[in-house]
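Each chain, letter by letter, is given below.
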Amino acid sequence: MSTSSAFNDEKGGSSSAGEPEYGHDPASGGIFSSDYKRHDDLKEMLDSNKDSLKLEAMKRIVAMIARGKNASDLFPAVVKNVACKNIEVKKLVYVYLVRYAEEQQDLALLSISTFQRGLKDPNQLIRASALRVLSSIRVTIIVPIMMLAIKEAASDMSPYVRKTAAHAIPKLYSLDPEQKDQLIEVIEKLLADKTTLVAGSVVMAFEEVCPERIDLIHKNYRKLCNLLIDVEEWGQVVIINMLTRYARTQFLNPNINESLLEEGGEKAFYGSDDDDDDDDDDDDEEKKAEAAALAKRKPYVMDPDHRLLLRNTKPLLQSRNAAVVMAVAQLYFHLAPKAEVGVIAKALVRLMRSHSEVQYVVLQNVATMTIKRRGMFEPYLKSFYIRSTDPTQIKILKLEVLTNLANETNISTILREFQTYIKSMDKDFVAATIQAIGRCATNIGEVRDTCLNGLVQLLSNRDELVVAESVVVIKKLLQMQPEQHSDIIKHMAKLTDNIQVPMARASILWLIGEYCEHVPKIAPDVLRKMAKTFTNEEDIVKLQIINLAAKLYLTNSKQTKLLTQYVLNLAKYDQNYDIRDRARFIRQLIVPTDKSGALSKYAKKLFLALKPAPVLESPFKDRDHFQLGSLSHLLNAKAGGYQELPDWPESAPDPSVRNVEVKDSVPEWTKCTSRKERKEKKVEKPFYSDSEGESGPTESADSESDSGSGSQSGSEESGSGSESEESEEESESEEEEEEEEDEEEERAKKKKKVDKSKPKKPESAESDQSSGEEQKRIRKGGKDRRSGTESESEDESESESSESESESEEESESDTDIKKKKKTAASKPPPKQTKKESKKETKEMSLLDLDDFEPTPSPQVTPVNSFLSNSLVTDLEGLSLTDTVLAPTTIAPSSSVRLYELLHRITGEGLAVEYCFSRQPFSPDPHMVAVQIQFTNNTTSEAKSLHIEEPKLQSGMRIKEFPEIEVLPAGESVNVVMGIDFCDSTQAANFQLCTHIRKFFVSIQPPVGELMTPAFLTENEFKKEQGQLMGMNEISEKLTLGEKCQSEHVIVERVTSTANLSRVPCGSDKESRFAGKTVSSGSLVLVTVTRKDGAGALLTVNCEKMVIGTMLVKDILQALTQ
Amino acid sequence: MIHSLFLINNAGDIFLEKHWKSVISRSVCDYFFEAQDKAGEPDNVSPVIRTPHHYLINIYREKIFFVSVIQTEVPPLFVIEFLHRVAEMFQDYFGECSEVAIKDNVVIVYELLEEMLDNGFPLATESNILKELIKPPTILRSMVNTITGSSNVGETLPTGQLSTIPWRRAGVKYTNNEAYFDVVEEIDAILDKSGTTVFAEIQGVIDACVKLSGMPDLTLSFMNPRLLDDVSFHPCVRFKRWESERVLSFIPPDGNFRLMSYHVNAQNLVAIPVYVRQNINFFETGSSGRVDITVGPKQTMGKTVENVIVTIHMPKVVLSANLTATQGTYTYDPVTKILVWDIGKLNQQKLPNLKGSLSLQSGAPKPEENPSLNIDLKIQQLAISGLKVNRLDMYVEKYKPFKGVKYVTKAGKFQVLTVPSHV
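Cut-offs and rules
Residues numbered from 1 in each chain as written. Chains lettered and ligands numbered in written order. Predicted model: local features only at pLDDT ≥ 70, side-chain atom pairs only at ≥ 80, totals over all residues. Heavy atoms only, no water. Salt bridge = Lys/Arg side-chain N within 4 Å of Asp/Glu carboxyl O. Buried < 20%, exposed > 50% of the residue type's maximum accessible area, 1.4 Å probe, protein only. Helix = DSSP H or I, 4+ residues; strand = E, 2+ residues; numbered from the N terminus. Contact = heavy atoms within 4.5 Å. Buried area = accessible area lost by both parts, 1.4 Å probe. Polar contact = N/O pair within 3.5 Å; in protein donor to acceptor, adjacent residues only side chain to side chain. Nonpolar A, V, L, I, M, F, W, Y, C, P; charged D, E, K, R; others polar. Pairing = 2+ DSSP bridges. Axes fitted to C-alpha atoms, helices over the stretch in contact; angles between N-to-C directions.

A. Spotlight on the pattern of salt bridges. Summed over the entire model, instances satisfying the criterion amount to 51 salt bridges over all chains. A salt bridge links Asp390 of chain A to Lys398 of chain A; the nearest nitrogen and oxygen atoms lie 2.9 Å apart. In this structure Asp390 of chain A comes out as buried when scored by relative accessible area, which is 7%. Residues Asp925 of chain A and Arg958 of chain A are paired through a salt bridge, measuring 2.8 Å at the closest nitrogen-oxygen approach. Of this pair, Asp925 of chain A sits in the loop between strand S2 (911-921) and strand S3 (929-937) while Arg958 of chain A sits in strand S5 (residues 958-960), and the two are 33 residues apart along the sequence. With a relative accessible area of 13%, Asp925 of chain A lands in the buried category. The partly exposed category is assigned to Arg958 of chain A, whose relative accessible area is 29%. Residues participating in the shared-partner salt-bridge network are Lys91, Arg132 and Lys171 of chain A together with Glu115 and Asp118 of chain B.

So, in structure tokens, the structure goes:
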């Protein structure tokens, strides 16, 4: 009974619109009491068993929360309803819980079990919502439960639940940062997810939890690029911003060699990526493969991954979402070659027609961009014209942009535009316009006089503020060339009678004082007038009067001596101590007395020194060190959580880290049975997540600068579209091209059959062969400038070469999904692109060439034998270290192993540290180089707790610390082993070596020879491998063997001591062969030394990683010639 | 990302607050009020305000400030764009985005905000999805709800979230299948006193109202797509098809949405539909001024120009206006100093004219500035750029839909200067 009556009361109350019975101020006492009463009613309603009552109560509670009123005392009553069957009640209870759980932790725990049950629900949406609420309850005690729930959800079947898991990660992190490591594991797992639904959310989690772990992105980079267009808008923004940062750490500055890019050339074979020019120059000198010589001409070639990012983000400039457009714009601004940045201008100008808040942000960014890249926005000058209806803040920003855009050719237009602005009613804006005119005048010499005259005219303006602002600006301009403008100064002197704005008066006085020699007659008169009004002036004016007096006294003491003293006397008794101080100081300085110090001699020099003209700079200058589009950029100050945009690396880190392993590629081919089927699929799912509709056109989308779509997809509708487009430009006729396509298609089918017939054939071996083919083709293409496709069709081994393409594409994508597969296939340009492009602008060509080379064998598809040897080695490791898997072996230092000093005895205050590369496999992580470190304690006391701290590593590099040494007694030494993954680069690993009292900064830089481990090959294998690493991967060098090393034995010894290689048997006694593979990526390194007559010899290194190769050549050369 | 949201009306009342992470006291809004005071006009409040511990990013829409609280780095446009999306969603749900509508539907608003952001990161911002989660209020439903106590929360959860087409709900069914497209163009122009075009460009949008059953796949093509200089699309549009064939190919969301926005370059001569002859003078003596304005049709492609309104921001010293209009009515607001002349339809035979005197504050100097005229107008059945839809095709679904295209031209920022040309 009571319930229903209460309900009715409440109903009446709530239905009368608004909230008359809820006081606005819960703090006032009267309302408190009624509050209690009302809450009792609500409690009763919540306790009832009618859903409608509960719902009504919850609605009103939520309304209270929305208005910011306290409803926390209802917690126990509400929490009981968490298991309510009614979905809406449940929802509102969730809202309530999330709001108040933090305050009522104990009671909140009552609800946990409901969510835990929800997490196991068969319905994915219920699982997701349970996780969402559970993770939103900020109660520390449930951290382990949340952790478990997130982990489980991260491997849920439903992508929607996985997305929710990604959302939950930052929630947990903010609740308990201790969980970071575990959360990173989850992030790593989710990053590998292939659905668009998850991508945006997990990158967001990545950015919040571990933005510094850029290495986690490597393997997912290409996938993220390819998924980008299908990710929802907000995710796109986050991903693009993150990838901008990533690209800055991984690729080379595309604008580094602009001049060199201009002069064109042929194909550049060199993977730009890590080319160290010096090395090249050293080695290139004489005999090098033709390709290498070509490479020298082209020091920079864009990494294909870099190109991929630019290409895949460009369509997003057409997004309706301003944030996405801005994100792409900043990406292009920070990452694109200069010539390509222009594409963003139009899109940004479009945003200017959006809401004023959007305009505000965009203009801020445009202002920064116009300083660096003026040309980009010049065609859109008129879009920045100011309308009288613009808000002042927008006007001022547009003015800034217009000023930045001003140059000799457009200045007259801009000045005329400015003229109309000066008539505006908005005075702040007028003042800003005058400032802008001043800046144009300083920047563009030609119009300085015009501007000055214009400003002088403004001096007779009726508005005092306009006059004052003009005076200030004129003052700055006059400082640049005072002698020519004494009449302006005279004119201004007259203004002192009228202008009352202190700043303007002060500016005039300063000008007269500074250039008193140009106006010798007027200056004393002005001082006279000023002396009269001195006591009534503002402080800044007073200071300038004193200043004027002092200067006049020094130049024209006859006329002004008395005046000056009068002024100084007035100032002496001024109320402001600054003015009193200044007067006292100036009197001492300029009035010669017997006591006056040495300085007074220099008074004239001090006062009348030539002052540099002020530089009128844009406030947006140098703002681009903040990532554009960021909050920090807008504020011009670092906001919390801002990730610095790193500088470009000197040399690019290893690009192969982005390669993704392929699990089984052969079955994929059998899957795509026929063209028809694929077509059908296309109709069903026309575009989303489907690569077909997408991939082809992605390419054709920017067919101007980019390549058309790829090889196999040529048979698809979309692909053929782009293909035919290309063919128009091709030298070959269109028909021929089409035929070719058909042929290609047939070949593909044939190939499929072949695949089926011998499915057991090791994939890698096949790829071997085919990549060899490809090499051939490439070289061929390089020599005679003919289309790759054409040559392909004539090639006797057509099928193989087409296969090679597909194979190599698979290399880079691990995707087993057939659609995905095709997508990648399509995104790799076929070799014929090269030709087409090469006819075009040379620069474009260079960028594309690289795409062409992407399919060169990557480490994951290194040939069979290397796989074998790899596993063999690990097997052996496993055998030898069964007991102490985690304890890496140390070796006794022998003479053959070179010791390097890490810390000298003296700098280390008695602690000496040396290291050597033990050349033992580092068992905890086969991708690491084992570094043996020897500590020697030369002090008389114990050194305690030796360990490593704060490694500062190049991205991608990893370190496995040695276990802490607890005690090192005086006079003793100890050996430990640590592992470092140098990422196949010779960059140093920096870290701190700590004892219990001190920390030392040390670094370990590996010689290139230590970055590899021996590989065991037979002679035949060696030859085969070598056959594939030709062209640009081969570096040979003639040398004259040193006196002591003419025997084979010595050569072997020298080579193996320089580099960690194993010997490969060889039939010829004139030749010695060695093989190894790099530790981090497992790329093969082959070394051949062939002795010629006398002391002559030929050293050949074949290595896919050209930097490693060139450096190794250098090192071995040195070892052999000594 | 977005920590909290406060909705503030013009009077400075915080009438709604929502927190996605822990609660932030509403006293943080004091910084906003301070900035608002300093700015004077709501338009001039900086969209980003810095406070010692937070950043406030705000937008002003429909007389409401949406003030969001941010704690760490986030792209400001991300937040601004999101806040506008919220406002649009209110508009979509309640027909208007006003304080009253929000207060009346506070529970739905709260549920919406809850769904749109998770931990400050946007979750569901597509209207189609949200409408499946939370049903928009209708008179009928609210009546039924009060009687039966049932809810406005969707019983089944949306499938769109899970599908590959996140903007369209599944299982759409209509008895009348129809698809309407409105091509709306706005002319932005600055004309000088003599009628010369200083600057002109055309902004266009294609708004769609598509009520088709199932999963239709539409293709919309133009007679003259090359006119379009710059475009932006709803995410449903397949960009590559556009790039390669210049057709819009898409699976539409259900209901109303903006398919694309475009821009027609100033290089293509923009037809200016009206001309304005005007004379606004202020006299040195006598504290008065004179107004004489005539508006006439120019390049209208044979269509009638309607809804013509001339708005003039007068200088501060203008106290009142004593004018005669041959057509339409005029009003002068002495507080805001805005003169509005509502003309209506333009008549070729008898050109509307507004003539008379202004009285100025006595003793005040003659105003320096020349006010400019803002023109509003509307032309039905005409896209001033000449853009024409060629055809609309539907694939996948079998039924025959009813199709329609409507063209409208409006004045955007259309200004006539009262000073001579400077170009």
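B. Representation of the interface of chain B and chain A in the model. In this assembly, 103 residues from chain B lie in contact with 94 residues from chain A. The largest contributions to the chain B side of the interface with chain A come from Glu73, Leu77 and Lys240 of chain B, which together make up 9% of the buried area. The interface formed by chain B and chain A contains 9 salt bridges. A salt bridge links Arg85 of chain B to Glu233 of chain A; the nearest nitrogen and oxygen atoms lie 2.9 Å apart. Across the contact surface, chain B and chain A share 34 residue pairs in polar contact (both at pLDDT 80 or more). Examining the composition of the side of chain B that touches chain A, we find that 9 residues originate from one element, helix H2 (residues 76-94) of chain B, more than from any other. By residue class, the composition of the side of chain B that touches chain A is 49 nonpolar, 26 polar and 28 charged.

C. Representation of unusual backbone geometry within the structure. A positive phi angle, close to 35 degrees, is found at Ser945 of chain A, a residue other than glycine. Locating Ser945 of chain A in the fold gives a position in strand S4 (residues 943-952). Judged by its relative accessible area of 18%, Ser945 of chain A falls in the buried class. Although it is not a glycine, Val396 of chain B adopts a positive phi angle of roughly 75 degrees. Residue placement: Val396 of chain B occurs in the loop between strand S22 (389-395) and strand S23 (402-416). The exposure class assigned to Val396 of chain B is partly exposed, which follows from its relative accessible area of 45%.

D. View of the sheet that holds strand S11 (residues 228-233) of chain B. Residues and elements named next belong to chain B. Strand order in the open sheet made by the 9 strands is S11-S13-S9-S8-S23-S21-S16-S19-S18, with mixed pairing throughout. Pairing within the sheet leaves two strands with one partner each, and these edge strands are S11 and strand S18 (329-333). Pairs of neighbouring strands in the sheet enclose a mean axial angle of 15 degrees, with direction left out of account.

E. Inspection of the sheet that holds strand S9 (residues 999-1004) of chain A at higher detail. Residue and element names in this part refer to chain A. Taking strand neighbours across the sheet as the criterion, the 4 strands line up as S6-S4-S8-S9 in an open arrangement whose pairing is antiparallel. The sheet is open, and its two edges are formed by strand S6 (965-968) and S9, each paired on a single side. Strand after strand, the sheet turns through a mean of 35 degrees between neighbouring axes, direction not considered. As judged from the 4 bridges shared by S4 and strand S8 (residues 989-994), these two strands associate in the antiparallel manner. Bridge pairing in S8 links Glu949 to Gln992.

Coordinates in, geometry out; function isn't part of it.
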